[in-house]
Each structure stands twice: as C-alpha cells, then as structure tokens.
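Below, each chain spelled out in residue letters.
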Amino acid sequence: MFLNVLWVFGQDTYPKDLFTPPMDIPIILAGTFGELRSNHFHAGIDIKTQQREGIPIKSIGKGTVTRIKVAHWGYGKVLYIAHPSGHTSVYGHLQKFSPSIEAYVKKVQYQKESYEVEIFPDYGELTVDQGELIAYGGNTGSSSGPHLHFEIRNSVSQKPTNPLLYGIEVADATNPTLEKLFAYPMSKNGHVNQSQQRIQLSYSRQTDGTFLADRVTALGKVGLGFVGFDRLDMAANKNGLYAVNLKVNGTLHTAYNFETFSFGETRYINTFIDYEYFGKYRQRIQKTFRSPGNNLSIYSKLNNDGLVDIKEGMSYTLTIEMLDLAGNKTVLNIPVTGKKETITQARKEDATSHFVLAKKPNNYDLGIAKVYFPENTFYEDFYIDLEKGSDTVKIHDNSVPAHRNFTLSFDVSKYTAAEREQLFIARLDSKLKPSYRSTYKRGDTFTTRTRFLGTYTLAKDSVPPSIRTKNFKEKQWLNNYSYLSVHIADDLSGIKSYRATLNGEWILMEYEPKKNTLTYNFDDKILDKKQCILEVTVTDNVGNTNTLKTSFYRK
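We now turn to the structure provided with this report. For every chain, the first residue of its written sequence is number 1, and the numbers climb from 1 along that sequence. At least 70 in pLDDT is required for a residue's local features to be given in this predicted model, at least 80 for side-chain atom pairs to be given and counted, and no such filter applies to totals for whole chains, interfaces and linings, which use all residues. By convention in this description, side-chain values take in all heavy atoms of the structure and omit both hydrogens and water.

**Concerning the packing of aromatic side chains**
Argument step 1. In this analysis, rings of Phe, Tyr and Trp, with Trp reduced to its six-membered ring, are considered paired at centre separations within 6.5 Å, and the interplanar angle assigns stacked below 30 degrees, edge-to-face beyond 60, and tilted for intermediate values. Taken as a whole and judged by the stated rule, the model has 29 aromatic pairs.
Argument step 2. When the ring of F472 is compared with that of F552, the centres are 5.9 Å apart and the planes differ by 70°; the resulting orientation is edge-to-face. Note that F472 is positioned in the loop between strand 40 (466-469) and strand 41 (476-477) and F552 in strand 48 (residues 545-553), a separation of 80 residues in sequence. For the pair F472 and F552, a shared accessibility class is recorded, and that class is buried.
Argument step 3. Feature note: the residues F33, F41, Y256, F258, F261, F272 and Y299 constitute an aromatic cluster, connected by ring pairs.
Argument step 4. Charge-over-ring contacts are defined here by two conditions on Lys NZ or Arg CZ: a distance within 6 Å of the ring centre and an angle within 35 degrees of the ring normal. Lying across the ring of Y136, K96 places its NZ or CZ 5.6 Å from the centre. Secondary structure follows DSSP: runs of H or I at least 4 residues long count as helices, runs of E at least 2 residues long count as strands, and numbering of each begins at the N terminus. For every residue, the accessible area (1.4 Å probe, protein chains only) is compared with the maximum for its type, and the residue is labelled buried under 20%, exposed over 50%, or partly exposed between those bounds.

**Observations regarding the pattern of salt bridges**
Argument step 1. Here, a salt bridge means any Lys or Arg side-chain nitrogen found within 4 Å of an Asp or Glu carboxyl oxygen. Within the structure shown, the criterion is met by 18 salt bridges.
Argument step 2. Salt-bridge contacts for K311 lead to D309; the nearest nitrogen and oxygen are separated by 3.3 Å.

**Focus on the sheet that holds strand 12 (residues 133-137)**
Argument step 1. DSSP-based pairing: two strands are paired if at least 2 bridges between them are found. The antiparallel open sheet is built from three strands, whose spatial order is 5-12-9. Edge positions in the open sheet fall to strand 5 (56-58) and strand 9 (94-97), since each of these has one partner strand only. Strand after strand, the sheet turns through a mean of 35° between neighbouring axes, direction not considered.
Argument step 2. In this sheet, strand 12 lies alongside strand 9 in antiparallel orientation, the contact comprising three bridges. Within strand 12, the position partnered with L94 by the bridge is G137.
Argument step 3. A contact between two residues is defined here by any heavy atoms of the two lying within 4.5 Å. Under this scheme, a helix contributes an axis fitted over its contacting stretch, all axes are lines through C-alpha atoms, and angles between N-to-C directions fall in the 0 to 180 degree range. Running at roughly 90° to strand 9, helix 1 (residues 99-112) makes contact with strand 9 and strand 12 of the sheet.

**Notes on the pairing of strand 33 (residues 392-395)**
Argument step 1. Burial of strand 33 is one-sided: the residues V393 and I395 facing one way are buried, the residues T392 and K394 facing the other way are not.
Argument step 2. Where strand 32 (residues 386-388) and strand 33 come together, three bridges link them in antiparallel fashion. Bridging from a neighbouring strand, L386 pairs with I395 of strand 33.
Argument step 3. Between strand 32 and strand 33, which pair antiparallel one after the other, the connecting turn spans three residues.

As structure tokens, this is what we get:
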C-alpha cells in the first residue's frame with residue numbers, strides 16, 4: 001500500500017495519497033532512486049517480483065498511454081502513462097502488455113515488420129483507470145533478473161523524481177552501511193598523513209553506534225570520499241543512499257540528496273565518483289567534494305566545492321552523515337589536526353608526450369589510425385597515453401571517463417574490397433577479446449564514435465551466425481505447442497538483424513539477446529495449412545548471413 005506520511009526530509013510538495021501501488025504484492029526493492037550505476041544514476045526504483053515473471057502490473061492512477069517502446073536492450077518493453085496531476089509513470093522490463101495494449105502494439109509490429117518499435121499514441125487514444133491492469137512483470141531489456149523498473153517523472157520536463165517521496169511503503173529500519181573512508185589532498189603542497197595521494201583512513205564503531213576515524217594530520221585543502229550503501233528490510237541488495245551531509249566543526253559544509261535530477265546530467269556521475277579507483281577496483285567511492293567538470297544539480301549546500309581548508313595548528317572535527325529516506329542515519333566523525341609534516345608519498349603525475357586540454361579539441365595521428373577528441377570530451381586536463389602497435393592503437397585506459405563521444409578512424413587502404421566487407425573496429429578487453437564497435441565504412445577509412453578509452457584494432461568476422469531450432473524438431477507435429485523457439489548466436493561481431501516467415505508471411509519473433517532466443521507465439525496468426533514452412537534469416541554486424549529453413553505440422 002501507499003503511506004500517507006511526511007518523510008523526515010519534509011518533501012510535503014509530493015502528494016502522498018494520489019497514487020496506488022503498481023502491484024498487489026509487498027513492495028520490496030532491488031534498487032533505489034539515484035543509485036550509482038555505470039555512467040548514470042538510477043532513475044527509478046526496482047521492485048522485486050518474487051523472482052518470477054508474469055505478476056500483474058497496474059496503473060498507479062488514471063491517465064493516458066503516451067509512449068510504448070519495445071527494444072532488445074535498455075528498458076526492454078516499457079510503458080509510459082501521463083496522469084492529470086502532471087506526472088508520468090514509467091513501467092519497464094515488462095514481459096508483455098495487457099491484452100488490449102498488446103494487440104495495439106502487435107498491430108504496429110506487423111505493419112512495420114519489426115519487433116523493435118517505439119509508439120506515441122494520440123493523447124486519449126489509450127486511456128487507463130487507476131488500478132487497471134496494464135502489463136505483466138518481466139525481464140526484458142538490460143534487466144539481470146525479473147523485476148519492475150518504476151519511475152515517476154514530471155510530464156513537462158521529464159525529470160524523474162524519487163518515487164518513494166510519493167508515500168510508497170517500504171520497510172526500512174536499518175542504518176546505512178559504511179565500508180571504506182578516503183581522504184584526498186588537493187592543494188599543491190598539501191598532504192594527509194604525510195601523503196599527497198588518495199589515502200584510505202581507518203575508523204572504528206563506537207558504543208553509541210557512530211564511527212570514529214583515527215586522528216588525521218593534514219594541511220591544505222582536503223576532500224573526503226567513502227564507499228557506502230543502504231540496505232532495506234527483507235532484501236539483501238546493496239542499495240543507494242538518499243542523502244549525504246558533510247559538517248565541519250558542526251556546521252554544514254556539503255549536502256546533496258537524490259530527490260530529483262535530469263537525464264541530461266546523469267553522466268556526470270563519473271565526476272561524482274572516483275572514476276580511476278572504480279576502473280581499477282570496480283568499487284565506487286562517492287566524493288563529498290565537487291571535482292572539475294561536475295555540473296550536477298543534486299547539491300543543496302557546497303562550500304568551497306566541498307573541500308575543507310586545513311590550517312596549521314588548528315583542530316577540526318569533520319562529520320559525514322549518510323542517510324536513507326526513512327530517516328535512518330550513519331554518522332562518522334574524523335578528527336583532524338592541521339600540521340606540516342614531511343611528505344613520504346608524493347603526488348603521482350604520469351607525464352606522457354601528449355597533454356589533453358579538456359576545453360579544446362585534440363587531434364592525434366597514430367599511424368594506422370587517427371583519433372579526434374572534440375572540446376569538452378573530458379572533464380579535466382590530463383596526460384594521455386597513446387601507443388601504436390603493428391595492428392592496434394592504445395588510447396589511454398579505463399581510468400579516465402569521457403563525457404562526449406570521440407572519433408577513431410582506421411586506414412584500411414591496404415585491404416581489398418572483399419576483405420573490408422568482413423572487417424570492423426573492435427575494442428579489446430583485458431584478455432584481448434574483441435568486441436564490436438559500430439563501424440562506419442567510407443572509402444579507405446573505417447570510423448567509430450565511442451566514449452570508451454582503451455585498446456582498439458581491426459577485427460575480421462567471416463563466420464555467419466548460427467541458427468538452430470530449440471523446442472521442436474524437423475517435421476514434428478506441434479498441435480499442443482503454444483510457441484516456437486529458435487536459438488541464434490554470433491561469436492564475434494554480434495547479431496544485427498533477423499527476419500522470420502511462416503509459409504511465406506512475416507511473423508513476429510521476439511528476440512531475447514540474454515538467452516540468444518527467438519520466440520513466436522502461435523496465437524499471433526491462424527495457420528491455414530497442415531504443413532508449415534518456417535524460414536529464419538539472421539545477419540551479423542558485418543553482413544554475414546545464415547538462413548534456417550525447416551518444417552513442422554500443426555492443425
């Protein structure tokens with residue numbers, strides 16, 4: 001149910017009794033709003049669906065369907081409903097839509113002969129009542145398990161807001177968890193515990209439940225960062241925090257929360273976390289200070305960009321407060337003494353022959369390839385590591401984030417026209433396994449646009465995709481079957497497209513890339529022949545094609 005309560009943070013501008021729950025099961029979360037994800041903040045809440053698909057999803061209020069999208073990745077099957085209050089609710093990773101909406105979508109899919117569609121119904125064309133069935137919970141798109149991704153947005157600005165602010169009842173009596181604490185000396189001659197590098201600090205739990213760090217000696221401007229999470233009742237998931245405060249000697253210095261943000265700013269998460277640390281250890285340190293290039297709007301207080309100026313001979317108590325939306329709080333106190341000391345760990349600066357100015361365009365010739373960084377590709381200036389091999393180019397590594405796409409172009413003049421057909425630009429992982437990058441081919445140049453630094457090469461794919469039947473055999477009687485299933489896969493460049501016909505007519509086969517499966521529902525069309533000819537053609541990203549032609553019987 002929805003609670004009519006006033007949250008501890010006092011967001012009484014959010015109606016607490018306007019909407020009803022999207023499901024008739026207890027609301028248990030697998031993900032919270034603003035949670036730290038790869039290259040973005042989580043824009044909604046992930047509601048558990050009891051580890052299964054097919055749970056009925058209902059509209060939280062009266063409204064009209066304004067957008068429907070079916071995609072292989074992202075939100076998968078997703079529904080957008082605009083409400084008279086000025087809110088839009090979003091329901092993602094759906095298994096299927098309600099019968100009336102499903103029929104509406106399939107009509108468009110058959111008209112366009114495409115599984116992937118994006119539809120914008122006329123306002124009022126598809127209306128729903130509060131509590132009306134609109135879909136069933138699923139696992140489509142980039143979901144890693146069955147759940148409902150649920151959002152509430154402003155219908156005009158499309159800014160998502162934290163759905164828990166609208167009175168959703170979620171049991172949470174647990175304080176946030178602190179895992180690690182770090183300090184960042186930011187002044188040229190500053191230091192923390194005789195170090196000019198990021199340094200991890202020790203702390204211990206006190207009898208009153210707070211945490212106390214070991215005394216720190218420092219000088220100059222210092223920033224703090226931590227690794228932490230929130231855990232709700234009845235779930236083991238490590239969820240995101242709602243708010244963080246930094247106090248200096250009891251006075252609020254930095255404050256931010258995840259009440260709302262815009263999709264246009266979400267990639268600035270890569271300045272909010274210590275991206276270099278994440279690239280190396282796959283763990284996100286969130287900073288209580290603002291780094292260069294950080295344009296996030298989540299801060300309500302930000303003195304001196306969140307940096308604390310530690311002066312010699314002075315004593316300070318720095319306090320980090322980690323809060324969830326239910327009012328639970330974890331407090332960490334850090335005693336700091338301003339003291340000039342001998343530096344034992346100097347600041348690292350890996351100088352190379354190339355220095356990138358973030359606010360200016362940068363162009364480099366690497367022999368077999370050229371790379372162009374538009375202005376503001378990066379958040380701050382840095383020395384970039386560029387290396388060229390006989391068939392590879394290294395463009396730094398994953399320790400630096402790119403905010404905008406940059407262009408990488410390979411010279412392919414030494415290859416024949418036939419060879420070029422099967423070539424593509426690939427990014428190599430740590431095990432030198434190539435992954436396809438969208439490759440634009442024009443004359444002697446292959447080009448890709450990407451935001452990922454790393455090692456790139458030209459790879460060749462000469463093997464067409466594989467296709468095999470999954471739940472039936474050639475010439476089998478399928479009278480009692482409700483669906484057909486076909487397995488498709490490509491071992492290198494990946495699948496670009498597929499097309500299926502039954503007795504010569506196009507049929508809708510739903511593609512689930514996580515399972516490499518195409519599925520056709522027999523209810524879509526009435527078969528007027530006893531013998532049925534199924535033909536499936538699959539093409540990979542360089543144009544290699546394979547076709548499966550098989551038959552079965554059904555009446």
